[in-house]
Amino acid sequence: MSAPTSSNPVQLTLRGSHGCRKAVAPVSDLVIAGWTGRDEAALQAHIRELGALGIAAPRRTPIFYRAGASLLTTAPAVQVIGKESTGEVEFVLFNVDGGIWVGLGSDHTDRKAEAIGVTLSKQMCPKPVAPEAWALADVAAHWDELMLRSWAISDGRQSLYQEGKVSAMRHPSNLMELFGKFLPGTAMFCGTFGVQGGIRWADAFRMELEDPILKRSITHCYEIEALPIEG
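Conventions we followed
- Residues numbered from 1 in each chain as written.
- Predicted model: local features only at pLDDT ≥ 70, side-chain atom pairs only at ≥ 80, totals over all residues.
- Heavy atoms only, no water.
- Pairing = 2+ DSSP bridges.
- Helix = DSSP H or I, 4+ residues; strand = E, 2+ residues; numbered from the N terminus.
- Axes fitted to C-alpha atoms, helices over the stretch in contact; angles between N-to-C directions.
- Salt bridge = Lys/Arg side-chain N within 4 Å of Asp/Glu carboxyl O.
- Buried < 20%, exposed > 50% of the residue type's maximum accessible area, 1.4 Å probe, protein only.
- Phe/Tyr/Trp six-rings, centres within 6.5 Å; stacked < 30°, edge-to-face > 60°.

**Q** Quick one: what's the story with the pairing of strand E12 (residues 132-135), residue by residue and with numbers?
**A** Looking along a regular strand, one sees side chains alternate from face to face of the sheet. Examined bridge by bridge, strand E1 (residues 8-16) and E12 share three bridges and lie parallel to one another. Paired with arginine 15 across the strands is tryptophan 134, a residue of E12.

Set out below in structure tokens:
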């Protein structure tokens, strides 16, 4: 008898060529794909960027970390321990409701814990996602034109944190093939790129996935509350 599998019912608005619908997407398997860059030079630069924080280089690239599905949230605010964590904008693949969908998320990560162990750090923070996703088939033909951006908001001031095309990361079909078991109920964060102005704490994190061809965007913003460290 197999062990029971828990799932996190994430509420999403799914937009496809035949219209949009609201769905409760039960996610039971959360995957964080890391070191997914297509550009080897940029990939090594990001490895050095994190290495300056004491974070060890990965054993292989890309690499697929696992985290509890319960970490996924569409809430407008999250709580974290201290001020050592930061957001990272990523496109997110969902195998839910009978199809493959692309959405937007932040691999919010505790950098202090990451220096101890990356797998540990992936489990330390909530993983915010936008409550909307597009049918992957609708953007497949112009995939490399999609843009990702994020902004760090602190003391009421907003600054651009990340910006670039999704073409900086491996193609969704390649990531799903390499993972090998992208089954119904799976959500996969698919990698990020370097930041502007250095990795830093923010009181809030805003992010966007833009489709300049179909002239639409998915956006999401979440506030970050730092809980005290008592020992």
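**Q** Describe the sheet that holds strand E8 (residues 89-96), and please don't skip the residues or the numbers.
**A** As summarised here, the arrangement of the eight strands in space is E2-E1-E12-E9-E8-E15-E3-E4, forming an open sheet in which the pairing is mixed. The sheet is open, and its two edges are formed by strand E2 (19-27) and strand E4 (63-67), each paired on a single side. Ignoring which end each strand starts from, the neighbouring axes of this sheet average 30° apart. Across eight bridges, the pairing between E8 and strand E9 (residues 99-106) is antiparallel. Across the sheet, leucine 93 pairs through a bridge with valine 102, a residue of E9.

**Q** I'd love a proper account of the pattern of salt bridges, names of residues and values included.
**A** In the structure shown here, the tally under the stated rule is 13 salt bridges. In this structure, glutamate 88 and arginine 111 form a salt bridge, with 2.7 Å as the shortest nitrogen-oxygen distance. In this pair, glutamate 88 sits in the loop between strand E7 (85-86) and E8 while arginine 111 sits in helix H2 (residues 111-114), placing the two residues 23 residues apart along the sequence. For the pair formed by glutamate 88 and arginine 111, the shared burial category is buried. One salt bridge connects lysine 127 with aspartate 107, and the closest N-O pair in it is separated by 2.6 Å. Of the two residues, lysine 127 is situated in strand E11 (residues 127-128) and aspartate 107 in the loop between E9 and strand E10 (109-110); the sequence distance between them amounts to 20 residues. Look at the salt bridges and you will find they share partners, linking Arg149, Glu163, Glu208 and Glu210 into a network.

**Q** Hey, could you go over the packing of aromatic side chains for me, with residue numbers and the actual values?
**A** One pass over the structure, following the stated rule, counts four aromatic pairs. An angle of 55° between the planes, with centres 5.3 Å apart, marks the rings of phenylalanine 64 and phenylalanine 179 as tilted. Separated by 115 residues along the polypeptide, phenylalanine 64 in strand E4 and phenylalanine 179 in helix H5 (residues 172-179) bring together distant segments of the chain. For phenylalanine 64, a relative accessible area of 19% translates into the label buried. The class for phenylalanine 179 is buried, based on a relative accessible area of 8%. A ring pair is formed by phenylalanine 205 and tyrosine 222, whose centres lie 5.8 Å apart and whose planes are at 50°; its orientation type is tilted. Of the two residues, phenylalanine 205 is situated in strand E16 (residues 204-211) and tyrosine 222 in strand E17 (residues 216-227); the sequence distance between them amounts to 17 residues.

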